[in-house]
Amino acid sequence: MEKTFFIIKPDGVQRGLVGEVLHRIEVRGFKLEALDMRMVTPELLSQHYEALVDRPFFPKIVDYMTSGPVIIGVFSGNEAIASWRKMMGATNPLEALPGTIRGDFAQAPSENGATFNIVHGSDSKESAQREMLLWFGKEV
Ligand code: UDP
Ligand code: MG
């Protein structure tokens, strides 16, 4: 049994895809452990995306991720982290296969904006642990 941390990003919330995304998690057989809706601060984002803060596109990510409320959550199940990465699809929706969340609901990025791709998921056990503590302030 493994836990992963996920975000339904502002585009997912604004486009009414919260139910669709949570449904995919539930019908896959995963168990929701925590769920919340909130606005994100640039400070929290800098910690969350600590590996990306020095990239030229980071300000665009901040604009994107602070453009509206997000849903944050944790779910558990066998190989939850790798399964969710596959369910999300590739970072760039152009590369994301149909059947994945990004491949079904997002478009290729435009040249001058962030990559709007609906969802986030931890990419390792270490990031899952770090992100759960960062966003929920405790073990979930
Ligand atoms: N991102 C972006 N432009 C890029 C790379 C990333 O706007 O060139 C955004 C995109 O929303 C992505 C997030 O930053 O989901 C985090 O990037 P990462 O490489 O961690 O991709 P992910 O783990 O979300 O697939
Ligand atoms: Mg990532």
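This section reports on the structure supplied with the text. The model shown is predicted, which means the values in this text are computed figures rather than measured ones.

Side-chain positions along a regular strand alternate between the two faces of the sheet. Taken across its eight residues, strand E3 (residues 70-77) has eight buried, putting it largely inside the fold. Of the two faces of E3, the one lined by Val70, Ile72, Val74 and Ser76 and the one lined by Ile71, Gly73, Phe75 and Gly77 are each fully buried. The pairing of strand E2 (residues 31-38) with E3 spans seven bridges and is classified as antiparallel. When the sheet's bridge partners are listed, Leu35 is paired in E3 with Gly73.

Moving on: the nonpolar core. With 22 residues, the main nonpolar core has Phe5, Trp135 and Phe136 as its most contacted residues. Elements with a minimum of two residues in this core: strand E1 (2-8), helix H3 (42-48), helix H4 (58-65), E3 and helix H7 (125-136). The element that contributes the greatest number of residues to this core is H4, accounting for five residues. When neighbours within four sequence positions are excluded, Trp135 is seen to be in contact with Phe5, Ile7, Arg38, Val40, Leu44, His48, Val70 and Ile72. In this structure, Val13, Phe75, Ala106 and Ile118 belong to the second largest nonpolar core, which totals 18 residues.

What follows deals with the pattern of salt bridges. Tallying each qualifying case throughout the model produces six salt bridges. Across the pair Glu2 and Lys125 runs a salt bridge, and its minimum N-O distance is 2.6 Å. Taken together, the residues Glu2 in strand E1 and Lys125 in helix H7 connect sequence positions 123 residues apart. Its salt-bridge partner being Arg24, residue Glu20 comes within 2.8 Å of it at the nearest N-O pair. With Glu20 and Arg24 both in helix H2 (residues 18-27), this residue pair falls four residues apart, about one helical turn. On the basis of relative accessibility, which here comes to 29%, the residue Glu20 falls in the partly exposed class. Salt bridges sharing partners connect three or more residues here, namely Glu20, Arg24 and Asp104.

Analysis parameters
- Residues numbered from 1 in each chain as written.
- Chains lettered and ligands numbered in written order.
- Predicted model: local features only at pLDDT ≥ 70, side-chain atom pairs only at ≥ 80, totals over all residues.
- Heavy atoms only, no water.
- Buried < 20%, exposed > 50% of the residue type's maximum accessible area, 1.4 Å probe, protein only.
- Helix = DSSP H or I, 4+ residues; strand = E, 2+ residues; numbered from the N terminus.
- Pairing = 2+ DSSP bridges.
- Core = buried A, V, L, I, M, F, W, Y, C linked by side-chain atoms within 4.5 Å.
- Contact = heavy atoms within 4.5 Å.
- Salt bridge = Lys/Arg side-chain N within 4 Å of Asp/Glu carboxyl O.

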